[in-house]
Every structure is written in C-alpha cells, then in structure tokens.
Amino acid sequence: MSATSTLLIAWHSRTGASEALARAAADAGGERARLMKASDVQSSDLLDAAAYLFVCPENLATMSGMMKEMFDRCYYPVLGRIEGRPYATIIAAGSDGEGAQRQIDRIAKGWRLRRVVDPLIVKTDAQSPEEILAPKAPTELQLANAAELGEALSEGIALGVF
C-alpha cells in the first residue's frame with residue numbers, strides 16, 4: 001500500500017473524548033488508517049495521505065489550541081500541494097461545536113480540500129467547570145458513528161471514490 005492511499009487521522013484531546021473517537025475511527029479504518037496526535041503531524045504526513053480526518057474538542061467556541069498549532073505549522077508547507085483531497089471532521093463539544101467546525105472548514109477551504117461527509121459533532125453536555133474538565137467517555141452510539149466515518153473514508157480511498 002502506498003503512502004498516498006492512507007487516511008491520516010489527526011487528533012487532539014484534553015479529556016479523552018476526542019481521542020476515543022479518533023481511535024474508534026482508526027480501528028474501523030483498518031490498515032489504511034494512520035492515527036497521529038496533532039502535535040506529531042508534520043507537513044510530510046499531510047502530503048503522504050490520500051484523505052484526512054481531523055478530530056478535536058471545541059474549547060471556548062474554537063478548535064483546541066494544539067489542533068490549531070498543527071494547522072499553523074503545516075499550512076504553508078502544503079499549500080497548493082494537497083488540493084482536492086477529501087476530508088472530514090469529528091468535534092467533541094459540551095454543547096455546540098459549530099465554532100471549531102467553522103474554523104477547520106475555513107482552513108480546509110484555503111487548502112482547497114473537499115468535504116466528503118457531513119461534520120460529526122459529538123455533544124457531551126458538559127456545562128459546569130467540573131464537568132468540562134472531567135474525563136469524558138463517548139457513548140457506544142457516538143463511538144459507532146466515529147467508527148462508521150473512519151470505515152467509510154478508508155473504503156472510499158480503497159475504491160477510488162475520492
């Protein structure tokens with residue numbers, strides 16, 4: 001399998017929800033899925049992937065800082081070199097997730113990526129400081145939805161749909 005037949009799943013998590021969702025997607029994506037912490041992703045990893053799944057929490061109505069740092073670090077080195085590649089997102093949020101989603105979509109638009117599936121926003125309903133900071137475990141249904149997304153992206157690569 002060539003490097004350009006892989007699904008790069010870049011994730012960041014503060015309380016465990018995003019990590020669990022990313023891992024569910026990667027497990028279902030099989031051998032095509034490459035799971036990487038956002039802090040470890042380099043521009044070469046983006047260049048070597050056929051498709052992307054970005055998974056992060058929403059913090060204060062924005063994507064997490066570590067995910068933003070990955071985009072900041074890699075944006076210009078891959079600009080004009082990954083156009084047309086498919087992407088999808090999973091956002092873990094207390095109540096909304098739309099702010100983080102919009103940010104990632106704007107970056108993806110700048111890269112000229114193609115969204116191939118609707119955003120998956122997983123709401124944890126955490127509202128108090130204690131709930132927000134507490135470890136999170138997505139429900140079985142939420143994990144199944146993430147797994148379905150990972151499998152669909154991986155199969156889309158394998159079938160040449162993307």
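Right, let's walk through the structure included here. One numbering rule holds for all chains: residues counted from 1, following each sequence as written. Local features are withheld for residues below a pLDDT of 70 in this predicted model, meaning they are given only at 70 or higher, and side-chain atom pairs are given and counted only at 80 or more; totals for whole chains, interfaces and linings count all residues. Calculated side-chain values reflect all of the structure's heavy atoms, with hydrogen atoms and water omitted.

Digging into the environment of Ile91
Definition in use: Secondary structure elements follow DSSP: runs of H or I no shorter than four residues count as helices, runs of E no shorter than two count as strands, and numbering proceeds from the N terminus. Two residues qualify as a contact provided that any one of their heavy atoms is within 4.5 Å of a heavy atom in the partner residue.
In this structure, Ile91 sits in strand β5 (residues 86-93). In this structure, the C-alpha to C-alpha distance between Ile91 and Ser44, residues 47 residues apart in sequence, is 24 Å. Each residue touching Ile91, except ones within four places of it in the same chain, is listed here: Cys56, Pro57, Glu58, Gly97, Ala100, Gln101, Ile104, Leu120, Ile121 and Val122.

Thoughts on the layout of surface pockets
The line we're drawing: Cavity means a closed set of points on a 1 Å grid over the protein atoms alone, one where a 1.4 Å probe fits but cannot get out, pocket means an open set with protein on both sides within 12 Å along at least 5 of 7 lines, and lining means a residue has an atom within 4 Å of a point. Grid points are joined across faces, edges and corners, and a volume is the space filled by probe spheres set on the points. Just so you know the grouping, Ala, Val, Leu, Ile, Met, Phe, Trp, Tyr, Cys and Pro go in nonpolar, Asp, Glu, Lys and Arg go in charged, and all remaining residues, Gly too, go in polar.
In this structure, the largest pocket spans a volume of roughly 430 Å³. Lining of the largest pocket is provided by 21 residues; of these, Glu58, Asn59, Ala93, Gly94 and Ile132 occupy positions nearest its centre. Only α1 (17-29), β3 (51-59), β5 and α5 (129-133) provide two or more residues apiece to the lining of the largest pocket. In terms of residue count, the dominant contributor to the lining of the largest pocket is β3 (3 residues). Split into classes, the residues belonging to the lining of the largest pocket amount to 9 nonpolar, 8 polar and 4 charged.

As for the nonpolar core
Note the following rule: Only buried residues count toward a nonpolar core, which is a set of Ala, Val, Leu, Ile, Met, Phe, Trp, Tyr and Cys residues joined through side-chain atoms within 4.5 Å. For every residue, the accessible area (1.4 Å probe, protein chains only) is compared with the maximum for its type, and the residue is labelled buried under 20%, exposed over 50%, or partly exposed between those bounds.
Ranked by size, the top nonpolar core spans 27 residues in total, and within it Leu46, Tyr52, Phe54, Met70, Phe71 and Trp111 carry the most contacts. Listed by contribution, the elements that provide at least two residues to this core are β1 (7-11), α2 (43-47), β3, α3 (65-78), β5 and α4 (98-111). Ranked by residues supplied to this core, first place goes to α3 with 6 residues. If near-sequence neighbours (up to four positions away) are discounted, Phe71 is found in contact with Phe54, Met63, Ile104, Ile107 and Trp111.

Remarks on the pattern of salt bridges
We apply this condition: Here a salt bridge means any side-chain nitrogen of Lys or Arg lying within 4 Å of a carboxyl oxygen belonging to Asp or Glu.
Overall, the coordinates contain 5 salt bridges when judged by the stated rule. Lys68 serves as the salt-bridge partner of Asp72, at 2.7 Å between the closest nitrogen and oxygen. On the criterion of helical spacing, the pair formed by Asp72 and Lys68 is a turn pair, its members being 4 residues apart in helix α3. Overall, Asp72 belongs to the partly exposed group, its relative accessible area being 47%.

Side note on the packing of aromatic side chains
Definition in use: Only Phe, Tyr and Trp rings are paired, with Trp represented by its six-membered ring, and only when their centres lie within 6.5 Å; those with planes under 30 degrees apart are stacked, over 60 edge-to-face, the remainder tilted.
Here the structure, examined in full by the defined rule, presents 6 aromatic pairs. Consider the rings of Phe54 and Tyr87, whose centres lie 6.4 Å apart with planes at 45 degrees: the pair is tilted. One end of the pair, Phe54, is in strand β3; the other, Tyr87, is in strand β5, and 33 residues separate them in sequence. Tyr87 matches Phe54 in its accessibility class, with the two residues each being buried. Here the aromatic rings of Tyr75 and Tyr76 are separated by 5.0 Å at their centres, their planes lie at 80 degrees, and the arrangement is edge-to-face. On the basis of relative accessibility, which here comes to 17%, the residue Tyr75 falls in the buried class. Among the aromatic residues, ring-to-ring pairing joins Tyr52, Phe54, Phe71, Tyr75, Tyr76, Tyr87 and Trp111 into one connected group.

A look at the environment of Ser64
Put simply, the test is: Polar contacts, as counted here, are pairs of nitrogen or oxygen atoms within 3.5 Å of one another; within protein the pair requires one atom able to donate a hydrogen and one able to accept it, and residues that are adjacent in sequence qualify only if both atoms are side-chain atoms.
Considering the arrangement of structural elements, one finds Ser64 in the loop between β4 (62-63) and α3. Other than its neighbours up to four places away in sequence, Ser64 contacts His12, Cys56, Pro57 and Asn59. There is a polar contact of 2.9 Å between the side chain of Ser64 and the side chain of His12.

So far we have only geometry, and geometry alone does not tell us how the molecule works.
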